[in-house]
Amino acid sequence: MEILWNRGPCSVREIQEAFPEKTRPAFTTIQTTVYRLEAKNAVRIAKRVGNANIFEAVLSRRSAENRLIDDLLGMFGGRAKPVMARLVESGKLTLEDIKEAEQAILRARKEKDR
């Protein structure tokens, strides 16, 4: 998805070639993944060029992030505390991140009160 979000519509070959050569998955692996994403309505065929399908993202990055985070929180019964605690323990959540989150909470509260 990252490649489609950054580059726009691409063929399976273009997606494959966007991976670093040392760790590049096989063409058929990329093809299978893209067609599975199409079945899940995450990508769609934008056009055909000869025999090649050109795919584009249907889901925005923001939408995919939201869905993933909702699914993650669902695994913890909707509680954010265990996730936040792990992020703090791993050093991936900084004081600056917490301040930004606090500002977002305040903005959301103001929107809700309107």
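For the structure itself, look to the data block above.
Conventions used here
- Residues numbered from 1 in each chain as written.
- Predicted model: local features only at pLDDT ≥ 70, side-chain atom pairs only at ≥ 80, totals over all residues.
- Heavy atoms only, no water.
- Core = buried A, V, L, I, M, F, W, Y, C linked by side-chain atoms within 4.5 Å.
- Buried < 20%, exposed > 50% of the residue type's maximum accessible area, 1.4 Å probe, protein only.
- Contact = heavy atoms within 4.5 Å.
- Phe/Tyr/Trp six-rings, centres within 6.5 Å; stacked < 30°, edge-to-face > 60°.
- Helix = DSSP H or I, 4+ residues; strand = E, 2+ residues; numbered from the N terminus.
- Pairing = 2+ DSSP bridges.

For the rest of this paragraph, the subject is the nonpolar core. One finds Ile3, Leu4, Cys10, Val12, Ile15, Ile30, Val34, Val43 and Phe55 forming the largest nonpolar core, which totals nine residues. Excluding residues within four positions of it along the chain, Cys10 makes contact with Ile3, Leu4, Ile15, Asn53, Ile54 and Phe55.

Under the criterion given, the structure shown has one aromatic pair. Their ring planes at 90 degrees and their centres at 5.3 Å tell us that Tyr35 and Phe55 sit as a pair that is edge-to-face. Pair noted here: Tyr35 is in helix H3 (residues 27-39) and Phe55 is in strand S3 (residues 52-57), with a separation of 20 residues, a long-range link.

Turning to its location among the elements, Asn66 is positioned in helix H4 (residues 61-75). Accessibility expressed as a relative area gives 36% for Asn66, which makes it partly exposed.

Before going further, it helps to spend a moment on the sheet that holds strand S2 (residues 43-49). Across a sheet, strands are paired by hydrogen bonds formed along the backbone, either parallel or antiparallel in direction. Spatial ordering of the open sheet is given by S1-S3-S2, a layout of three strands whose pairing is antiparallel. A strand with exactly one partner marks an edge of an open sheet, and here the two such strands are strand S1 (10-11) and S2. Summarising the sheet, S1 and S3 pair through two bridges and their orientation is antiparallel. Its bridge partner lying in S3, Cys10 is registered against Phe55.

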